[in-house]
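Per-entry structural report
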Amino acid sequence: QVQLVESGGGLVQSGGSLRLSCAASGSTFSINTMGWYRQAPGKQRELVATITSGGTTNSVDSVKGRFTISRDNAKNTYLQMNSLKPEDTAVYYCNAQMRNGVRYWGQGTQVTVSS
């Protein structure tokens, strides 16, 4: 079992920045990939960015050049979000995928970008 706790969300003006953090606890030694997803009102949850245990990153085209995912050990991952746009407004969720394929989710943190 892994528990994930996100922090760092909030209200920011368009063009501003936020840094999301995700702290994992429990069986963190079995985590392979960590990632960030988001869900806007009335929309499905979508991938934002992922990072493997080896440091390989992947991100959706809409955030390339603006968002950066990082990971400092097996437990913590971050999402640096720059040049935020109103369409980035969503609840952001941290995700951990274990080596056996099981996935865990955090409770989410709200990001609101005002125009």
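Predicted model, so just to flag it, every value in this text is computed and none were measured. Along each chain, residues carry numbers from 1 onward, in the same order as the chain's sequence is written. Given that the model is predicted, a residue must reach a pLDDT of at least 70 before its local features are reported, and side-chain atom pairs must reach 80 or more before they are shown or counted; all residues, however, enter totals for whole chains, interfaces and linings. Only hydrogens and water are removed before side-chain values are computed, so all heavy atoms of the structure are retained for them.

What follows covers the pairing of strand β11 (residues 109–114). For every residue, the accessible area obtained with a 1.4 Å probe (protein chains only) is divided by the maximum for its type, and the residue is called buried under 20%, exposed over 50%, and partly exposed between those limits. Elements are defined by DSSP. Helices are runs of H or I of four residues or more, strands are runs of E of two residues or more, and each kind is numbered from the N terminus. With burial as the criterion, only one face of β11 is covered, namely that bearing T109, V111 and V113; the residues Q110, T112 and S114 on the opposite face remain uncovered. Two strands are counted as paired when DSSP detects at least two bridges linking them. As paired strands, strand β2 (residues 10–13) and β11 are joined by four bridges and run parallel to one another. Bridge pairing in β11 places Q13 opposite S114. Both strand β9 (residues 90–98) and β11 contribute to a ladder of three bridges, which runs antiparallel.

Across the sheet, four strands lie side by side as β1-β3-β8-β7; this open sheet has antiparallel pairing. Edge positions in the open sheet fall to β1 (2–7) and β7 (67–71), since each of these has one partner strand only. Across the sheet, the mean angle from the axis of one strand to that of its neighbour is 15°, orientation sign disregarded. The pairing of strand β3 (residues 18–26) with strand β8 (residues 76–81) spans six bridges and is antiparallel. Paired with A23 across the bridge in β8 is N76. All axes here are fitted lines through C-alpha atoms, helices being fitted over the stretch that makes contact, and every angle between N-to-C directions spans 0 to 180 degrees.

Any Lys or Arg side-chain nitrogen located within 4 Å of an Asp or Glu carboxyl oxygen qualifies as a salt bridge. Overall, the coordinates contain three salt bridges when judged by the stated rule. Across the salt bridge formed by D88 and R38, the nearest N and O atoms sit 3.0 Å from each other. A residue pair is termed long-range when its members are at least 10 positions apart, and D88 in the loop between β8 and β9 and R38 in strand β4 (residues 31–39) qualify at 50 residues. Neither D88 nor R38 differs from the other in exposure class; each is buried. Taken together, the shared-partner salt bridges in this structure form one network comprising R38, E46, R66 and D88.

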